[in-house]
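For reference, the chains in residue letters:
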Amino acid sequence: MQTVVIVIHLMIVAVMIGAVLLQKSEGGGLGMGGGAGFMSSRGTANLLTRTTAVLAAGFFLTSMFLSWHAGYSRAPSSIIGTPASQGQPAGGSPIAPPTSGGILDSLKKADEQQQAPAPSGPQVPRSQ
């Protein structure tokens with residue numbers, strides 16, 4: 001479904017670019033060419049203006065649908081980077097929710113729990 005809407009969206013974009021480039025600007029632009037042709041300059045301006053407006057509305061609608069479709073199936077996630085559905089971090093023991101402070105305090109406590117105990121005195125270097 002999303003692929004079909006993207007293809008339609010890109011076709012609208014291509015046609016809208018062409019319609020805008022064909023419109024007559026103050027300096028002439030690509031719409032120059034005098035009064036010869038199947039329509040008068042006034043009729044061409046009205047047709048291209050309406051065509052651009054319809055294409056802009058289609059562009060807006062397909063853009064809104066694509067953004068809605070992208071966010072529709074998105075699952076909530078944690079700001080830390082782990083999925084919100086997991087109950088435990090990769091380290092093993094669950095982190096208790098913070099009673100005071102913020103997320104940084106709870107991460108610091110979890111890091112302290114996972115670290116090995118500090119040595120009681122100076123250590124002698126070992127040779128290999």
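Going by what an unreviewed UniProt entry lists, the protein is known as Protein-export membrane protein SecG and is assigned to Bradyrhizobium amphicarpaeae. Check the Subcellular location (unreviewed entry) section of the UniProt entry for the protein; it says "Cell membrane". Regarding the protein, the UniProt comment filed under Sequence similarities (unreviewed entry) reads as follows: "Belongs to the SecG family."

Student: How would you summarise the UniProt feature "transmembrane region" (unreviewed entry) in the protein if you had to cite specific residues and measurements?
Tutor: Annotation from UniProt places "transmembrane region" (unreviewed entry) at residues 6-22 and 47-68. Helix and strand shares over residues 47-68 are 100% and 0% respectively, and the end C-alpha atoms of the span are 32 Å apart.

Student: I'd like a rundown of the side chain of Thr62, residues and numbers included.
Tutor: Among the structural elements, Thr62 can be located in helix α2 (residues 41-72). Relative accessible area serves as the criterion here: at 12%, Thr62 is assigned to the buried category. One polar contact links the side chain of Thr62 to the main-chain carbonyl oxygen of Phe59, over a distance of 3.1 Å. Once residues within four sequence positions are removed from consideration, Thr62 is found in contact with Val5, Ile8, His9 and Ile12.

Student: Break down helix α1 (residues 2-22) for me, citing the residues and quoting the values.
Tutor: Helix length check: α1, at 21 residues, gives a terminal C-alpha distance of 30 Å against a target of 30 Å (1.5 Å per residue), a fit within 8%. Those residues of α1 lying buried are Val5, His9, Ile12, Met16 and Ala19. Around the axis of α1, the buried residues are gathered within 90° of arc, so they sit on the same side. Away from its buried face by more than 90 degrees, α1 exposes Thr3, Leu10 and Met11.

Student: Explain the packing of aromatic side chains residue by residue, including any values.
Tutor: With the rule as written, the count across this model stands at two aromatic pairs. With a centroid separation of 5.8 Å and an interplanar angle of 40°, the aromatic rings of Phe65 and Trp68 are classed as tilted. With a gap of three residues between them, Phe65 and Trp68 both fall in helix α2, about one helical turn apart. When its relative accessible area of 24% is taken as the criterion, Phe65 is described as partly exposed. Judged by centre distance (5.1 Å) and plane angle (40°), the ring pair of Trp68 and Tyr72 falls under tilted. Of the two residues, Trp68 and Tyr72 both sit in helix α2, four residues apart, roughly one turn of that helix. Clustering of aromatic rings is evident, with ring pairs tying together Phe65, Trp68 and Tyr72.

Conventions used here
Residues numbered from 1 in each chain as written. Predicted model: local features only at pLDDT ≥ 70, side-chain atom pairs only at ≥ 80, totals over all residues. Heavy atoms only, no water. UniProt positions renumbered as here; feature names shortened; annotations may be inferred. Helix = DSSP H or I, 4+ residues; strand = E, 2+ residues; numbered from the N terminus. Buried < 20%, exposed > 50% of the residue type's maximum accessible area, 1.4 Å probe, protein only. Polar contact = N/O pair within 3.5 Å; in protein donor to acceptor, adjacent residues only side chain to side chain. Contact = heavy atoms within 4.5 Å. Expected span 1.5 Å × (residues − 1). Arc of directions from axis to C-beta. Phe/Tyr/Trp six-rings, centres within 6.5 Å; stacked < 30°, edge-to-face > 60°.

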